[in-house]
Amino acid sequence: MHKSTIKIALPGAFIACSCLISNILVLPLRGQVVHQSVPSTSTASQNGPAFQVDQSITPPATTAQNSLGYVVEKDVMVKMTDGTKLATDIYRPAKEGVPLPGQFPVIVYRTPYNKNGLHHEGIFFAQHGYVVVAQDCRGRFSSEGRFYLLLNDGHDGYDTIEWAAAQPWSNGKVGTAGASFEAWTQYSAAMLSPPHLV
């Protein structure tokens, strides 16, 4: 089986790798080198590509003496332009259960699948110096309103991105993440060009 290796170093950036269209992986790269080995046969779709992070250049935030914890604020009701409130969980970097002071980049996930399913992503990114905003789409789970396929996701995404950028814990740089329908919520919002979307 033939394999190819890709080495990438992009300090402070994100890289999104689309694997066979349906699987998207987002890795925070803070001065790290990521090695990807991809089998050239169709078995790659069964197991997915293998990613390894070169630990010799691990960012300070993940070393033992500087490791971050997280805190989560559950079911914050974020008001959209039309007054509908969407249930949102906010994961923040913390030490010993206390949110860190300062401002951080924000990652927004908007999902119809239940924001509680994004718990692991929220913890991971908060422990790596990001604030994560995980939100139930309009009319889904704890959010108000009625769910209509992609009808409100552009405006709701725009409002959520701009709300996140205005929070005291935000540095004004907001990214989005997610696969499947969560990717469609990103496209819908991006088409409206939120000023703080990076």
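Residues numbered from 1 in each chain as written. Predicted model: local features only at pLDDT ≥ 70, side-chain atom pairs only at ≥ 80, totals over all residues. Heavy atoms only, no water.

Caption draft 1: Fine view of the pattern of salt bridges. Scanning all chains against the criterion turns up 7 salt bridges. Between Asp153 and Arg110 there is a salt bridge, and its shortest N-O distance comes to 3.2 Å. Of this pair, Asp153 sits in helix α3 (residues 153-165) while Arg110 is found in strand β9 (residues 104-111), placing the two residues 43 residues apart along the sequence. The exposure class of Asp153 is buried, given its relative accessible area of 4%. Arg110 serves as the salt-bridge partner of Asp156, at 4.0 Å between the closest nitrogen and oxygen. (Salt bridge = Lys/Arg side-chain N within 4 Å of Asp/Glu carboxyl O. Helix = DSSP H or I, 4+ residues; strand = E, 2+ residues; numbered from the N terminus. Buried < 20%, exposed > 50% of the residue type's maximum accessible area, 1.4 Å probe, protein only.)

Caption draft 2: How the structure looks around the packing of aromatic side chains. Under the defined criterion, the tally for this structure stands at 5 aromatic pairs. Seen from their ring centres, Phe124 and Phe125 are 5.1 Å apart, and the 80° between their planes marks the pair as edge-to-face. Overall, the relative accessible area of 4% leaves Phe125 in the buried class. The interplanar angle of 75° and the centroid separation of 5.6 Å between the aromatic rings of Trp184 and Tyr187 together place this pair among those described as edge-to-face. You can see Trp184 and its partner Tyr187 sitting in helix α4 (residues 181-190), 3 residues apart, about one turn around the helix. Judged by its relative accessible area of 49%, Trp184 falls in the partly exposed class. Three or more aromatic residues joined by ring pairs form one cluster here, namely Phe124, Phe125 and Tyr130. For Arg140, the ring lying beneath its charged end belongs to Phe147, and the centroid distance is 5.4 Å. (Phe/Tyr/Trp six-rings, centres within 6.5 Å; stacked < 30°, edge-to-face > 60°. Lys NZ or Arg CZ within 6 Å of the ring centre and 35° of its normal.)

Caption draft 3: Structural context of the confidence of the model for the protein. For the protein, the average pLDDT comes to 78, and 67% of its residues sit at 70 or higher. Confidence drops under a pLDDT of 50 for residues 1-65, and excluding neighbours within four residues, the segment shows 103 contacts in the predicted structure. (pLDDT = per-residue confidence, 0-100. Contact = heavy atoms within 4.5 Å.)

Caption draft 4: Spatial organisation of α4. With respect to burial, α4 is a largely interior element, 7 of its 10 residues being buried. Contacts made by the buried residues of α4 are with β9, α3 and β11 (170-176).

Caption draft 5: Representation of the packing of α3 against α4 within the structure. The N-to-C vectors of α3 and α4 enclose an angle of 80°; their axes lie 7 Å apart at closest approach. In terms of orientation, α3 lies roughly perpendicular with respect to α4. Packed against α3, whose contacting residues are Asp153, Gly154, Gly157, Tyr158 and Ile161, the element α4 presents Phe181, Thr185, Ser188 and Ala189 at the interface. A class-by-class count of the residues in the contact of α3 with α4 yields 4 nonpolar, 4 polar and 1 charged. (Axes fitted to C-alpha atoms, helices over the stretch in contact; angles between N-to-C directions. Parallel < 35°, antiparallel > 145°, perpendicular 65-115°, else oblique. Nonpolar A, V, L, I, M, F, W, Y, C, P; charged D, E, K, R; others polar.)

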